[in-house]
Amino acid sequence: MNWLPLLGLAVTLALLVVVERRIHRHLQGLMLLLTGDREIAVVLYALPLMPGILLHEVSHALMARLLGVRVGRVCVRPRLAGKRIQLGFVPVEETDPLRGSLIGLAPLLTGSAVILLIGYQVFSIGGLRQALSEGTWFGLLSHFVDLLKAPDAWLWAYVIFTVSNTMLPSRSDRESWRPIVLFLVLAAALAWFAGFAPAIIERLQAPILLATRWLTAMYGFTIAADLPFLIGMLLVEWGLGRVRGMRVEY
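Note that the structure is predicted; figures quoted are calculated from it, not measured.

K.L.:
Explain the overall build of the chain to me, please; I cannot follow it from the model alone.
P.N.:
Counting its regular elements, the chain contains 9 helices and 2 strands. Each helix and strand of the chain, ordered N terminal to C terminal, gives the series α-α-α-β-β-α-α-α-α-α-α. The long-range fraction of contacts in the chain, counting pairs at least 24 apart against all pairs at least 6 apart in sequence, stands at 76%. Only carbon and sulfur atoms are counted for the fraction: they give 67% of the accessible area of the chain, which is about 15,300 Å².

K.L.:
Quick question: what am I supposed to make of the nonpolar core here?
P.N.:
A general feature of soluble globular proteins is that nonpolar side chains tend to end up buried together. If you look at the biggest cluster of nonpolar residues, it comprises 34 residues, and the most contacted ones within it are L49, I115, F123, I160, Y219 and M233. Mapped onto this core, the elements with two or more residues apiece are α1 (4-35), α2 (38-46), α4 (97-121), α7 (153-164) and α9 (197-244). Sequence-distant contacts of I160, defined by excluding residues within four places in its chain, comprise I115, I118, F123, F221, T222, A225 and D226. Listed in part, the 8 residues of the second largest apolar core include A61, V69, V90 and A106.

K.L.:
Would you explain α2 in this entry?
P.N.:
Since the α-helix packs 3.6 residues into each turn, any two residues three or four apart lie on the same face. Within the span of α2, buried status applies to A41, V42, Y45 and A46. The buried side chains of α2 occupy one side of the element, clustering within an arc of 130° when seen end-on. The secondary structure elements touched by the buried residues of α2 are α1, α3 (50-66), β1 (79-81) and β2 (84-86). Between the side-chain oxygen at the start of α2 and the backbone nitrogen of E39 there is a gap of 3.0 Å, and the oxygen is on D37.

K.L.:
Explanation requested: the pattern of salt bridges in the structure shown.
P.N.:
Any two side chains of opposite charge can pair, given that their charged atoms come close. With the rule as written, the count across this model stands at 3 salt bridges. A salt bridge links R99 to D96; the shortest N-O distance between them is 2.7 Å. Judged by its relative accessible area of 28%, R99 falls in the partly exposed class. Taking the relative accessible area as the measure of exposure, D96 reaches 31% and is therefore partly exposed. Across the pair R247 and E249 runs a salt bridge, and its minimum N-O distance is 3.6 Å. In terms of burial, R247 and E249 fall into one category: exposed.

K.L.:
So what exactly am I meant to see when it comes to a positive patch on the surface here?
P.N.:
Together, R21, R22, R25, R84, R171 and R174 make up a region of like positive charge exposed at the surface. A per-element tally of the positive patch places α1 first, with 3 residues. Relative to the assigned elements, R25 resides in helix α1.

K.L.:
Just to check I follow, could you spell out the packing of aromatic side chains for this structure?
P.N.:
Each aromatic ring pair is specified by the distance between its two centres and by the angle formed by the two planes. Following the criterion strictly, the structure yields 3 aromatic pairs and no others. Centroid distance W154 to F229: 6.4 Å. Interplanar angle 75°. Geometry classified as edge-to-face. Here W154, found in helix α7, pairs with F229, found in helix α9; they are 75 residues apart in sequence, far enough to count as distant. Taking the relative accessible area as the measure of exposure, W154 reaches 55% and is therefore exposed. A residue is classified by how much of its surface remains accessible, and F229, at 22% relative accessible area, is partly exposed. Where F161 meets F229, the ring centres are 4.6 Å apart and the plane angle is 25°; that geometry is what we call stacked. Placement of F161 in helix α7 and of F229 in helix α9 is noted, with a sequence separation of 68 residues between them. Given a relative accessible area of 4%, F161 falls into the buried group. Clustering of aromatic rings is evident, with ring pairs tying together W154, Y158, F161 and F229.

K.L.:
Could you clarify how one ought to interpret the side chain of H56 in this entry?
P.N.:
Of note, H56 is situated in helix α3. The class for H56 is buried, based on a relative accessible area of 10%. At 3.2 Å, the side chain of H56 forms a polar contact with the side chain of D173. With sequence-adjacent residues up to four places away left out, H56 is seen in contact with P107, T166, M167, L168 and D173.

K.L.:
Looking at this model, I keep getting lost on the confidence of the model for the chain. Mind explaining?
P.N.:
Reading predicted coordinates in detail is not appropriate for stretches of low pLDDT. A residue-level look at the chain finds 86% of positions with pLDDT of 70 or above and a mean pLDDT of 83. Element-level mean pLDDT values for the chain span from 60 in helix α5 (residues 126-134) up to 94 in α3.

About the thresholds
Residues numbered from 1 in each chain as written. Predicted model: local features only at pLDDT ≥ 70, side-chain atom pairs only at ≥ 80, totals over all residues. Heavy atoms only, no water. Helix = DSSP H or I, 4+ residues; strand = E, 2+ residues; numbered from the N terminus. Contact = heavy atoms within 4.5 Å. Areas by Shrake-Rupley, 256 points an atom, 1.4 Å probe, with all protein chains shown as cover. Core = buried A, V, L, I, M, F, W, Y, C linked by side-chain atoms within 4.5 Å. Buried < 20%, exposed > 50% of the residue type's maximum accessible area, 1.4 Å probe, protein only. Arc of directions from axis to C-beta. Polar contact = N/O pair within 3.5 Å; in protein donor to acceptor, adjacent residues only side chain to side chain. Salt bridge = Lys/Arg side-chain N within 4 Å of Asp/Glu carboxyl O. Patch = residues over 30% accessible without salt bridge, like charges linked within 9 Å, V, L, I, M, F, W, Y side chains within 5 Å. Lys, Arg positive; Asp, Glu negative; His and termini not counted. Charge placed at Lys NZ, Arg CZ, Asp CG, Glu CD. Phe/Tyr/Trp six-rings, centres within 6.5 Å; stacked < 30°, edge-to-face > 60°. pLDDT = per-residue confidence, 0-100.

So this is what it looks like as structure tokens:
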């Protein structure tokens, strides 16, 4: 099996996590510089992300209902919780690890579907996936330039920005994952020692590589949409800091 596409997906996903964390950090810092008040800054920090926050919490609630797990009212009011900021919350009754994992994973699945839909319907990122599979840098560059020519490109880029920066599972979303991950690792180890692994890998190779290329293209496209917003925030934060004679220590 060719492991290079999986490595590319891992690197792309890691970069997405880094970009997402930078965006959250500097968006908070920018609002704090702007207002000088921590509680007001939290509210202003959440406002640009509100569509994604709502999608995140509704995804939890819908998945829970589909799996027969009771949920409470969705809350999207940002608040300080000690040193952390809670952007939204939906109370879900305790359940088994499998359903808990699926409920925690729901925002990532929904957010990825929304970004994929926008990517293909608005930005036509099929060419980006083709350029990635061919490994041509010129093709990648020319396709990214073409993305800017899409109708209402910046509006749709904002939708991708707010969804992508709220779709990754939070710490509480990942609480149910440990027993599932442990089970999968043990099952993979047993299959390997029993000699079943090569046959399973051979059978699943084609769909895995296809899904990997799609996900790599989507997450790469998401990073490309997020970077202009991050650069803009950094420049505004730097300029505002110079004007006010202050800087935010992270």
